[in-house]
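Observations on the model geometry
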Amino acid sequence: MTNTPKNSSTPNSSPTMTSTPNSSSTNWDAMKHQFMQIWQVLAALVLIYMVFFILSPPFRNIDTLLSIFGQASILAILACGTTVVLISGGLDLSVGSIFAVVGVVVGIALAEYELPVYAAVLIGLAVGTLLGAFNGIVQVVTGVPAFIVTLGGLTAYKGFAEILASGRDLSRFPDSFKVLGSGYLMPMIIMFGAALIIGLFLTKTRLGNHTFAIGGNEEVARLSGVKIAKSRIYYYMIGGLMAATAAILEVSKLNFAMPARGQSYELFAIAAVVIGGTSLFGGRGGVGKTIIGMLIMQTINVGLAYMGVGTSVQRIAIGAIIILAVYWDVSRRRSR
Amino acid sequence: MEKNEIKHLQKAKNILEARGISKHYGGIKALDDVDLVLRDGEVLAVVGDNGAGKSTLVKAITGAISRTSGTILFDGEEVRIDSPTDAKAVGIETVYQDLALVNEISITKNIFLGREIVKDNILGRVFGVLDFKKMDTETRDLFKKLDIRIADIYRDAQAFSGGQRQAVALSKTVLFGKRIAILDEPTAALGVRESKMAMDLVASLKDHGLSVIMITHNMQHVMNYCDRVMVLRLGRLVAVRDVKDVDGDTLVGLITGANKSKVA
Ligand SMILES: Nc1ncnc2c1ncn2[C@@H]1O[C@H](COP(=O)(O)OP(=O)(O)O)[C@@H](O)[C@H]1O
Ligand SMILES: [Mg+2]
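1. With respect to the domain arrangement of chain B
All names here are of chain B. Each domain of chain B was delimited in the assignment, giving domain 1 (3-91 + 177-256) and domain 2 (100-160). On a C-alpha basis, the centres of domain 1 and domain 2 stand 28 Å from each other. Contact residues are listed per partner, giving 4 residues for domain 1 and 4 residues for domain 2. Summing both sides of the interface, domain 1 and domain 2 together bury roughly 300 Å²; the carbon and sulfur share of this comes to 69%. When the buried area of domain 1 at its contact with domain 2 is split by residue, Lys88, Leu201 and His208 rank highest and sum to 97% of it. One can count 0 salt bridges joining domain 1 with domain 2. Classifying every residue of the side of domain 1 that touches domain 2 by side-chain character gives 1 nonpolar, 2 polar and 1 charged.

2. Comments concerning the pattern of salt bridges
For the structure shown, the criterion picks out 21 salt bridges over all chains. In this structure, Asp156(B) engages Arg284(A) in a salt bridge whose closest nitrogen and oxygen atoms are separated by 2.8 Å. Of this pair, Asp156(B) sits in the loop between helix 6 (132-145) and helix 7 (162-176) while Arg284(A) is found in the loop between helix 11 (265-276) and helix 12 (287-306), placing the two residues in two different chains. Here Asp156(B) falls in the buried class, since its relative accessible area comes to 13%. For Glu93(B), the salt bridge goes to Lys88(B), with nearest N and O atoms at 3.4 Å. Across the pair, exposure class does not vary: Glu93(B) and Lys88(B) are buried alike. Each member of the salt-bridge network shares a partner with another, and the members are Arg67(B), Arg80(B) and Asp82(B).

3. Quick look at the coordination of the magnesium ion (ligand 2)
Here the magnesium ion (ligand 2) is held by the protein donor atoms Ser55(B) (OG) and Gln97(B) (OE1), which lie 2.1 to 2.2 Å from it. One end of the pair, Ser55(B), is in helix 2 (residues 54-62); the other, Gln97(B), is in the loop between strand 6 (92-95) and helix 4 (107-111), and 42 residues separate them in sequence.

4. Overview of the environment of Pro174(A)
Residues and elements named next belong to chain A. Position of Pro174 among the secondary structure elements: in the loop between helix 5 (146-165) and helix 6 (175-178). Residue classification places Pro174 among the partly exposed residues on the basis of a relative accessible area of 32%. Separated by 51 residues in sequence, Pro174 and Ile123 have C-alpha atoms that sit 16 Å apart. Excluding residues that lie within four positions of it along the chain, Pro174 makes contacts with Leu110 and Val117.

5. Some remarks on the pairing of strand 10 (residues 236-242) of chain B
Residues and elements named next belong to chain B. Where strand 9 (residues 228-233) lies against strand 10, 6 bridges are found, and the strand directions are antiparallel. Along strand 10, the bridge assignment pairs Leu232 with Leu237. Between strand 9 and strand 10, which pair antiparallel in sequence order, lie 2 residues; one of them, Leu234, sits at a positive phi of approximately 50°.

6. Here's the deal with the site of ligand 1
Residue and element names in this part refer to chain B. Every residue lining ligand 1 is accounted for by Tyr25, Ala30, Asp49, Asn50, Gly51, Ala52, Gly53, Lys54, Ser55 and Thr56. Within the backbone of Lys54, a nitrogen or oxygen atom sits 2.8 Å from an oxygen atom of ligand 1. Protein contacts shield 59% of the accessible area of ligand 1, which totals 560 Å² for the unbound molecule. Among the elements that take part in the shell around ligand 1, helix 2 stands out by supplying 3 residues, more than any other. Looking at side-chain class alone, the shell around ligand 1 contains 3 nonpolar, 5 polar and 2 charged residues.

7. What about the side chain of Thr56(B)?
Relative to the helices and strands, Thr56(B) resides in helix 2. Filtering out sequence-adjacent residues up to four positions away, Thr56(B) remains in contact with Lys23(B), Ala30(B), Leu31(B) and Ile65(B).

8. Re the sheet that holds strand 3 (residues 43-48) of chain B
All names here are of chain B. One open sheet accounts for 6 strands, arranged 6-7-8-3-9-10; its pairing is mixed. The sheet terminates laterally at strand 6 and strand 10, the two strands that pair on one side only. Between one strand axis and the next, the sheet turns by 15° as a mean value, whatever way the strands run. Where strand 3 and strand 8 (residues 211-215) come together, 4 bridges link them in parallel fashion. For Ala45, the partnering residue across the bridge sits in strand 8 and is Met214. Running at roughly 150° to strand 7 (residues 180-184), helix 2 makes contact with strand 3, strand 6, strand 7, strand 8 and strand 9 of the sheet. Across the sheet, helix 10 (residues 248-256) touches strand 3, strand 9 and strand 10, and the angle it forms with strand 9 is around 30°.

9. Side note on helix 11 of chain A
Residues and elements named next belong to chain A. End to end, helix 11 covers 16 Å across 12 residues, agreeing with the expected 16 Å (1.5 Å per residue, within 8%). Counted residue by residue, helix 11 has 10 buried out of 12 residues, so it is predominantly covered. Among all positions in helix 11, only Tyr265, Glu266, Ala269, Ile270, Ala271, Ala272, Val273, Val274, Ile275 and Gly276 are buried. Once helix 11 ends, the next one or two residues include Gly277, with phi positive near 110°.

10. Digging into the environment of Arg179(B)
Residue and element names in this part refer to chain B. Within the secondary structure, Arg179 is located in the loop between helix 7 and strand 7. Classification of Arg179 by relative accessible area gives partly exposed; the value is 26%. Taking the C-alpha atoms as reference points, Arg179 and Gly41, separated by 138 residues in sequence, lie 9.0 Å from one another. Filtering out sequence-adjacent residues up to four positions away, Arg179 remains in contact with Ile15, Asp40, Phe74, Asp75, Val90, Gly91, Gly209, Leu210 and Ser211.

11. Regarding the sheet that holds strand 2 (residues 28-39) of chain B
Residues and elements named next belong to chain B. The 4 strands are arranged 2-1-4-5 in an open sheet whose pairing can be described as antiparallel. Each edge of the open sheet carries a strand with a single partner, namely strand 2 and strand 5 (77-79). When strand polarity is set aside, the average angle formed by the axes of neighbouring strands in this sheet is 25°. Alignment of strand 1 (residues 14-25) against strand 4 (residues 69-74), held across 5 bridges, turns out to be antiparallel. Paired with Ala18 across the bridge in strand 4 is Ile72.

Procedures and definitions
- Residues numbered from 1 in each chain as written.
- Chains lettered and ligands numbered in written order.
- Predicted model: local features only at pLDDT ≥ 70, side-chain atom pairs only at ≥ 80, totals over all residues.
- Heavy atoms only, no water.
- Domains from an automatic or database assignment.
- Contact = heavy atoms within 4.5 Å.
- Buried area = accessible area lost by both parts, 1.4 Å probe.
- Salt bridge = Lys/Arg side-chain N within 4 Å of Asp/Glu carboxyl O.
- Nonpolar A, V, L, I, M, F, W, Y, C, P; charged D, E, K, R; others polar.
- Helix = DSSP H or I, 4+ residues; strand = E, 2+ residues; numbered from the N terminus.
- Buried < 20%, exposed > 50% of the residue type's maximum accessible area, 1.4 Å probe, protein only.
- Donors = N, O, S within 2.8 Å, 3.2 Å for Na, K, Ca; no water.
- Pairing = 2+ DSSP bridges.
- Near = heavy atom within 4 Å.
- Polar contact = N/O pair within 3.5 Å; in protein donor to acceptor, adjacent residues only side chain to side chain.
- Areas by Shrake-Rupley, 256 points an atom, 1.4 Å probe, with all protein chains shown as cover.
- Axes fitted to C-alpha atoms, helices over the stretch in contact; angles between N-to-C directions.
- Expected span 1.5 Å × (residues − 1).

Rendered as structure tokens:
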């Protein structure tokens with residue numbers, strides 16, 4: 001399910017002590033290491049899919065596979081942002097409510113002000129990013145923990161969305177907007193695009209690399225000269241931006257906006273991140289894993305539904321898997 | 001005029017002067033009016049019992065914690081050091097006790113943490129895209145120069161032994177420490193062989209043009225590797241000696257307070 005401790009089981013014997021550096025293996029080994037970590041979660045996904053494939057005849061259908069991807073994609077985009085925040089050792093419980101605000105704002109921009117689609121989209125993305133920045137700034141300035149600040153955001157942003165939406169009919173959007181989120185293909189393309197961009201950000205850029213350092217050991221990072229506060233604000237901005245992207249796609253898909261949307265999405269996102277194998281304690285993880293984690297969740301949901309299992313039992317199953325994934329993470333840390 | 005010149009010359013020999021450094025935590029005086037002088041090219045030992053204030057002194061000097069009071073002179077000029085970044089800017093590189101490496105990131109990334117090299121193109125300048133090839137090469141060159149035998153530089157730091165990790169941390173002072181290396185218990189928790197390896201590295205810092213402040217509990221290391229030694233007890237400076245003028249027993253006496261002594 002989750003990646004095993006590659007290097008923790010044999011802490012002393014693992015590093016090679018050769019005096020002749022073999023430069024040719026540099027990137028290969030690093031890439032192999034990455035792949036080894038991700039393939040185990042991938043194997044779990046395939047295994048779970050196979051189980052439902054065997055157990056349930058209606059599951060054996062390409063449309064089922066597409067609907068799994070379809071359901072996963074919008075939430076997976078949101079979860080990519082959550083991945084960044086969790087790797088940095090942070091937590092964002094407010095993204096579901098940011099999702100609601102952005103949905104309503106974009107709805108108003110399109111239905112009431114009849115702004116062009118690109119303008120509505122840009123406004124939506126900007127609002128999400130600003131709310132994310134606000135999460136980060138409040139934490140950095142006040143020193144109140146992420147859990148509390150974003151829990152406050154969870155309810156406050158929701159209330160904000162309700163005020164904005166009250167007395168408004170947010171539906172009937174232009175056709176050019178509906179293209180974004182309808183069908184399976186566009187959301188999937190945007191999901192893979194978002195994952196690719198955030199993956200490159202995390203692995204290739206300075207700010208992205210600092211995510212792991214800050215989440216791994218904030219004090220060492222600070223003493224090394226890493227700008228902790230500024231970086232953290234950026235990570236929450238990415239969380240907000242991804243929530244906004246997801247919200248825009250969903251509003252487009254549903255062809256209406258309402259403040260009740262996005263409810264519990266922050267928890268689904270955290271669940272997918274953790275199931276994928278990103279550490280809840282920061283310092284390790286990646287967006288590829290999160291996409292697979294989200295696919296695992298949706299496969300289980302869809303699979304159980306096809307077998308006639310109700311949503312309540314689906315929730316219990318997902319809950320059990322989350323605990324299992326975190327248990328795995330905790331025991332891995334303890335063995336170090 | 002002449003007098004001024006002599007004064008200037010004497011000052012120039014002190015690369016670092018910390019004057020009247022205090023750090024109070026509420027009522028606790030972790031550090032009380034301590035002076036530290038580091039001469040150009042020397043290795044200065046700082047000794048003292050657990051809780052004497054050694055780590056606090058280091059952190060107060062490098063700006064890792066705020067000072068309650070005290071001023072710092074670098075090359076005879078007063079400098080503002082309010083953060084570790086300020087200290088690095090004047091050429092002071094520090095290996096903090098228990099806070100040297102991030103376990104979760106690779107050796108190369110640890111070496112360059114906070115000072116990453118970005119690509120020399122638009123991607124590097126605009127998006128901060130890193131030049132891993134260059135950083136890997138520099139890391140390898142550095143390890144070769146210092147005879148540190150670690151090939152798996154892309155591996156997470158946590159995979160390495162205490163001695164290897166300390167070697168990596170010490171190597172950063174050579175790469176980035178333009179003037180001064182400050183080491184907080186570089187051999188703590190190391191075995192005999194690893195300890196020797198680490199101290200050989202410390203000894204080589206001098207050859208790389210660094211003046212060194214080293215905190216240690218090992219009197220043998222003071223005697224064998226250091227030029228002068230200062231003793232802290234309960235947050236106060238109790239003695240400063242040339243190493244050739246003291247022996248291990250005298251030092252232990254100063255550390256525990258068994259024999260009283262005036263500041264030299
Ligand atoms: N953050 C802090 N809050 C309160 N007291 C502290 C803090 N940091 C250090 N101290 C106290 O300051 C004293 C000196 O600590 P330290 O410099 O770590 O000693 P040493 O490095 O010599 O063992 C100790 O009594 C310690 O308890
Ligand atoms: Mg100490």
